[in-house]
Every structure is written in structure tokens, then in C-alpha cells.
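Residue strings, one per chain:
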Amino acid sequence: LKKSKKTLLWEISSADTAEEASYLFGTMHVNDQRAFRHLESLEKYMAYCNQFATEIKIEEVASVELIDKMRLPEGVLLEHLLKQKEYNRLTMIFKSLRAPDLRLFNKTAPIQIISLLSNIILGQEQKEVLDVTLSNVAESLNMQVVGLESIEDHLNVLNTINIQEQVKMLKAVLKNFKKYKSYTNKMAEIYYSEDIQKIYKTGRKSTGKFTKVLLKNRNETMADSFHKKMQRSRLFAAIGAGHLGGKYGMLRLLKLKGNTVRPILL
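Calculation rules
Residues numbered from 1 in each chain as written. Predicted model: local features only at pLDDT ≥ 70, side-chain atom pairs only at ≥ 80, totals over all residues. Heavy atoms only, no water. Salt bridge = Lys/Arg side-chain N within 4 Å of Asp/Glu carboxyl O. Buried < 20%, exposed > 50% of the residue type's maximum accessible area, 1.4 Å probe, protein only. Helix = DSSP H or I, 4+ residues; strand = E, 2+ residues; numbered from the N terminus. Contact = heavy atoms within 4.5 Å. Core = buried A, V, L, I, M, F, W, Y, C linked by side-chain atoms within 4.5 Å. Axes fitted to C-alpha atoms, helices over the stretch in contact; angles between N-to-C directions. Nonpolar A, V, L, I, M, F, W, Y, C, P; charged D, E, K, R; others polar. Pairing = 2+ DSSP bridges. Polar contact = N/O pair within 3.5 Å; in protein donor to acceptor, adjacent residues only side chain to side chain. Phe/Tyr/Trp six-rings, centres within 6.5 Å; stacked < 30°, edge-to-face > 60°. Left-handed = near helix turned anticlockwise from the far one by under 90°.

Asks: Looking at this structure, how should I read the pattern of salt bridges?
Replies: Enumeration over the complete set of coordinates arrives at 14 salt bridges. In this structure, Asp101 and Arg103 form a salt bridge, with 2.7 Å as the shortest nitrogen-oxygen distance. The exposure class assigned to Arg103 is exposed, which follows from its relative accessible area of 62%. The partner of Glu165 in a salt bridge is Lys209, with the nearest N and O atoms 2.8 Å apart. Placement of the pair is Glu165 in helix α8 (residues 163-175) and Lys209 in the loop between α10 (196-207) and α11 (211-232), with a sequence separation of 44 residues. Salt bridges linked by common partners bring Asp32, Arg34 and Glu189 together as one network.

Asks: Is there a simple way to explain helix α6 (residues 130-140) in this structure?
Replies: Count 3.6 residues to each turn of an α-helix, and residues three or four apart come out pointing the same way. Every buried residue of α6 is accounted for by Leu130, Asp131, Thr133, Leu134, Ser135, Val137 and Ala138. On the buried face of α6, the contacting elements are β2 (22-27), α1 (39-46), β3 (51-56), β4 (144-149), α9 (177-193) and β5 (235-240). Positive backbone phi, at 60 degrees, marks Asn142, one or two positions downstream of α6.

Asks: Would you take a moment to explain the nonpolar core for this structure?
Replies: Considering soluble globular proteins, one finds that nonpolar side chains tend to be buried as a cluster. Membership of the largest hydrophobic core comes to 73 residues, with the highest contact counts inside it found for Leu24, Phe25, Leu90, Tyr191, Phe226 and Phe236. A per-element tally of this core places α9 first, with seven residues. Residues within four places of Leu24 in sequence aside, it is in contact with Leu8, Leu9, Trp10, Ile12, Phe226, Ala237, Ile239, Leu244, Met250, Leu251 and Leu254.

Asks: Please clarify how the packing of helix α5 (residues 110-121) against α8 should be interpreted in this entry.
Replies: Between α5 and α8, the shortest axis-to-axis distance is 8 Å and the interhelical angle comes to 35 degrees. Where α5 abuts α8, its residues Pro110, Ile111, Ile113, Ile114 and Leu117 lie against Gln166, Val167, Met169, Leu170 and Val173. For the contact of α5 with α8, the class distribution of residues is nine nonpolar, one polar and no charged.

Asks: In this structure, what is going on with the environment of Phe25? I would like to understand it.
Replies: For Phe25, the location among the structural elements is in strand β2. Phe25 gets classed as buried once you look at its relative accessible area, which sits at 1%. Sequence separation of Phe25 and Ser225 is 200 residues, and the distance between their C-alpha atoms is 15 Å. Ignoring sequence-local partners within four residues, the contact set of Phe25 consists of Leu8, Leu9, Leu42, Leu130, Leu134, Tyr191, Phe236, Ala237, Ala238, Ile239 and Leu266.

Asks: Whenever I open this one, the sheet that holds strand β1 (residues 9-13) confuses me. Can you help?
Replies: Within a sheet, adjacent strands bond to each other through the backbone by hydrogen bonds, running parallel or antiparallel. Spatial ordering of the open sheet is given by β4-β3-β5-β2-β1-β6, a layout of six strands whose pairing is mixed. The open sheet has two edge strands with one neighbour each: β4 and β6 (260-264). On average, adjacent strands in this sheet sit at an angle of 25 degrees to one another, irrespective of strand direction.

Asks: Looking at this structure, I do not really get the pairing of β3. What am I missing?
Replies: Regular strands show a simple pattern: their side chains alternate between the two faces of the sheet. With six of six residues buried, β3 is to be regarded as a mostly interior element. In terms of strand pairing, β3 meets β4 through five bridges, oriented parallel. When the bridges of β4 are listed, Ile56 appears paired with Glu149. Strand direction decides the pairing type here: β3 and β5, joined by three bridges, are parallel. Bridge assignment links Gln51 to a residue of β5, and that residue is Leu235.

Asks: How should I be thinking about the side chain of Thr7 in this particular structure?
Replies: For Thr7, the location among the structural elements is in the segment before β1. For Thr7, a relative accessible area of 0% gives the class buried. Within the structure, Thr7 has its side chain in polar contact with the backbone nitrogen of Leu9 (distance 3.3 Å).

Asks: Would you mind going over the side chain of Thr211 with me for this structure?
Replies: Structurally, Thr211 is set in helix α11. Given the relative accessible area of 16%, Thr211 is considered buried. Apart from residues no more than four positions distant in its own chain, Thr211 is found in contact with Arg204 and Lys216.

Asks: In this structure, what is going on with the packing of aromatic side chains? I would like to understand it.
Replies: Each pair of aromatic rings is reported with the distance of its centres and the angle of its planes. The tally for this structure, following the rule as stated, stands at seven aromatic pairs. Aromatic pair Phe177 and Tyr180: ring centres 6.4 Å apart, planes at 35 degrees, arrangement tilted. With Phe177 and Tyr180 both in helix α9, this residue pair falls three residues apart, about one helical turn. The same class applies to Phe177 and to Tyr180, which are both buried.

Asks: Would you mind going over the packing of α5 against α9 with me for this structure?
Replies: A pair of packed helices can be characterised by two numbers: the angle between their axes and the separation between those axes. At a closest axis distance of 10 Å, the pairing of α5 and α9 adopts a crossing angle of 65 degrees. The hand of the α5/α9 crossing is right-handed. Residues Ile114, Leu117, Ser118 and Ile121 of α5 form the contact with α9, whose own contacting residues are Phe177, Tyr180, Lys181, Thr184 and Asn185. Its residues assigned to classes, the contact of α5 with α9 shows five nonpolar, three polar and one charged.

Okay, structure coming up:
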């Protein structure tokens, strides 16, 4: 893949199928208005397809199994997992960001608290994250909405990062929130530059020892799923941009399966 091609939208085609090209787009799971700037152009490419996919099907995000994973086990509260000083620090951070009262999230898993902080740090102009908006567009176009991963796939990933590991991650954020805030804004700016290789390299630093689980393994699952689905219909898939680039990125994996991968400049 040519490093000079900075774009989030890629055309995937295969000589093995009679179907015309499918498309792979890199999203950022945020409400920041800047992430929506290509929405009108994306709708045009989506209109060429009859199937739309996100990492997991949007409506399944609200499944009982996933909601349980986003919450702490029965009898465990966030304020008990942190030292009083750390909990007070988190409370002050929430207030400084004008976020809802932290007490509302006392049953929320630490990894979800980190995700919430990232989203709040950035703009909140849109009422929903980009993935949800694209899924709604797909439904308006009468596209079949599917997921590249199953709930079971996603649960297996979440199960590898236990509560103790999540607490460590949250404490690291609290220890130097200024640095984390800077990192989040940096990731957003890199996303807006559409440099997928830089997105991958910068994002990988935050995955640490979970790189294989969060990126490599998931990319292999999603690439297999994308490849199979594009054999049967024209597919438009929107997944986190961090999954596109790199040695084990979706684009390279799809290319290794014999597909032609072509950048589309928006």
C-alpha cells in the first residue's frame, strides 16, 4: 500500500466474483462534527451497495450480553476499585469536562469510562457517533445491515481484558490525564489527516500487550468476514480506522486474499 495515499475510503474488488467493487471505510467512534465531513460523499458510495457492515451489528451493541460486559460484576462499584484520591481525581476530571455526574457511572466497567472520557474530550456536536449515523443511512437506503464480527467474537475479546487490567488502564489515565487528553486530540488530528498508517502506528501504542487480541486477531476475523460477504453482494463496511493499516491491517489482509485494493480520495 502506497504511504502517499491518505484516505479513509478504499475500493475492494476481486476477480473471483461477478459482483462489482465493495468499499471499506475507516471511522472514528466519536460525535465530533469533523469526523462527519465526508458523510455526503459516503452516501453516494453506499448507494451503490446492497449490504452495510460495522464491526458488530449496531443493534447488537445493545444486547444483554454486551451491556453486561460494559458493567461491573454484581456487588462491585467503581469507587471501590479506585483509591479515594483516584476517585476524587476522576470526579474532578468529569466536572472539568462538563460530563454527567460520575456517580451515574459507578457500575460502569473502567474500560468504558476511558472510552467515555475520550469521546467527551472531543467535540459533541452530533447526537450519535459516526458509525450509528452511517448505519441509519444504510437503513434509509434499504441496505441489509450486518456485522463483520459476531457478539461471541466481541465478547471473547472483552473477556481477555479482565477488571484488574481495566483498572490499571484507568489509573494510568488518571495519573497523567493531561498527557491522555493530548494523546486523544492527537489521534483525532491524525484521523482527520486520513493517514491510515500513522493512525495504526499511533493507536497501536495504546494497545500494549493486547495488540494481538485487539488488532491482529480481530482484523483476521473481520477480513475473512468481509471477503466472504463481498462474494455474495456489494458491501460497504465502516470500521475503526485503526484496523485498516499496518502489517496485519484489513487492507493488507484483503490484498493477501487476492483482492485488488484501491484508494478513493474523498
